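# Architecture at a glance
The chain contents come next:
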Amino acid sequence: MSIRQILDIASTGMAAQRLRVQLIAANIANSETTRTKEGGPYRRKDAVFASQDLGFAGALANAGVRVAGIKTSQEPFLTRYEPGHPDADPDGVVSYPNVNSVEEMVNLTEASRAYEANIAVVRAAKAMATSALDILRVQ
Amino acid sequence: MFDITSGNRMIQAMDQSLTLASKRQAFIASNLANLDTPGYRTKDFSFEGALKLAIDGQKSPTNLTATHRMHLQGSTSSSLPASTDALKPNAERNDGNDVNLDRENMLLSRTQGAYQAASTFMQVELRKLYLLIREASAR
């Protein structure tokens, strides 16, 4: 049934965008983190999306979306001269994470708009299912 | 035995309309889920074209019979694009994705409206049959 397909597709979209928001939250929370388990400052993370086959026939074969991987940014760290900082190098320069908070905010807005778009799809599918059930109400 | 519902052209046409509207909604759900998938191309089909094709397989109820010179013929102008090719390549982004959020949102509510209109028409038709049966059995 198509309504179920619609809900399946929208739910993959919501899951993918939610994970993206989680990564943005991690980036913003760690925007000043200079120590990580891997050593060195925190590196910015971003989700890579790919279309997903949900087993639907025909043109809807690759209708869903999935997170193909989480990319760790290899951009250079931001540096600041802070000789008093415990993680400063011998020259007094501290490497801070390569997180640009403006960029994160823009991505956050984009992800939440995309999430809302999927919610709108779910709402539409629900209204359609209700109106289909109303056909039975002939009295 | 004469089948009272599948012999009804209005109900048949609305049946096709409901099926196609929910199919199209699945395509829109797929486009919105893949809003940020690199390389994804908008998927769509022409609702009017597909409906015409589906109904022409049966006896067409869309050809209105004019019994008076002032009678109007239904409009045949197509307001929806047959495919999304018209949008290319202007709408394509740097990542090769050409999903247009505004277009998909508009189509989402439009398709929902088409679905609800079809289900209401079908309900009205079935209600007529129900009243007919009730009146006949009351005598």
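Here the structure is shown first, and the text comes after it.
Let us look at the structure shown here. Here the structure is a predicted model, which is why all the values come from computation and not from measurement.

Along chain B, the regular secondary structure elements total three helices and zero strands. Going from the N terminus to the C terminus, chain B shows its helices and strands as α-α-α. Across the 139 residues of chain B, 28% fall into the buried class. In chain B, once contacts between residues fewer than 6 apart in sequence are set aside, the share between residues at least 24 apart is 74%.

Turning next to the overall build of chain A. Along its length, chain A carries two helices and four strands. Each helix (α) and strand (β) of chain A, taken in turn from the N terminus, gives the series α-β-β-β-β-α. Computed over C-alpha atoms, the radius of gyration of chain A comes to 22 Å, more than 25% over the 14 Å expected from 2.2 N^0.38 for 139 residues, which places it beyond the range of a compact globule. Principal-axis analysis of the C-alpha atoms gives chain A an extent of 85 × 30 × 20 Å. The proportion of buried residues among the 139 residues of chain A is 26%.

Turning next to helix α2 (residues 101-134) of chain A. Its 34 residues place the ends of α2(A) 49 Å apart at the C-alpha level, agreeing with the 50 Å of an ideal helix rising 1.5 Å per residue. Buried within α2(A) are the following residues: A:A111, A:A114, A:A117, A:N118, A:V121, A:A124, A:A125 and A:M128.

This part is about the interface of chain A and chain B. Contacts between chain A and chain B engage 30 residues on the former and 29 residues on the latter. Within the residue set of the side of chain A that touches chain B, elements represented by two or more residues are α1 (2-29), β1 (45-52), β2 (64-72) and α2 of chain A. Sort the elements by how many residues they give to the side of chain A that touches chain B and α2(A) lands first, with twelve residues. Across the side of chain A that touches chain B, the residue classes break down as 21 nonpolar, eight polar and one charged.

Along the chain, B:K43 falls in the loop between α1 (9-33) and α2 (47-56). With 19 residues separating them in the primary sequence, B:K43 and B:R24 have C-alpha atoms 9.3 Å apart. Those residues in contact with B:K43 that sit more than four places away from it in its chain are A:A59, B:F27, B:S30 and B:N31.

In terms of nonpolar packing, the biggest core is built from 41 residues, with A:V121 and B:A29 touching the most fellow members. Secondary structure elements with two or more residues in this core: α1, β1 and α2 of chain A together with α1 and α3 (101-138) of chain B. The element contributing the most residues to this core is α1(B), with eleven residues. Leaving out residues up to four positions away in the same chain, B:A29 has contacts with A:I6, A:I9, A:A10 and A:V121.

Quick look at the packing of α1(B) against α2(B) now. Residue and element names in this part refer to chain B. Relative orientation of the contacting elements α1 and α2 amounts to 145°, with a least axis distance of 10 Å. α2 is crossed by α1, and the crossing has right-handed handedness. In this structure, α1 uses A13, Q16, S17, L20 and R24 to contact α2, whose residues at the interface are F47, A50, L51, A54 and I55.

Rules and cut-offs
Residues numbered from 1 in each chain as written. Chains lettered and ligands numbered in written order. Predicted model: local features only at pLDDT ≥ 70, side-chain atom pairs only at ≥ 80, totals over all residues. Helix = DSSP H or I, 4+ residues; strand = E, 2+ residues; numbered from the N terminus. Buried ≥ 20, exposed ≤ 12 C-beta atoms within 10 Å, placed from the backbone. Contact = placed C-beta atoms within 7 Å. Rg over C-alpha atoms; globule rule 2.2 N^0.38 Å. Expected span 1.5 Å × (residues − 1). Nonpolar A, V, L, I, M, F, W, Y, C, P; charged D, E, K, R; others polar. Core = buried A, V, L, I, M, F, W, Y, C linked by C-beta atoms within 7 Å. Axes fitted to C-alpha atoms, helices over the stretch in contact; angles between N-to-C directions. Left-handed = near helix turned anticlockwise from the far one by under 90°.

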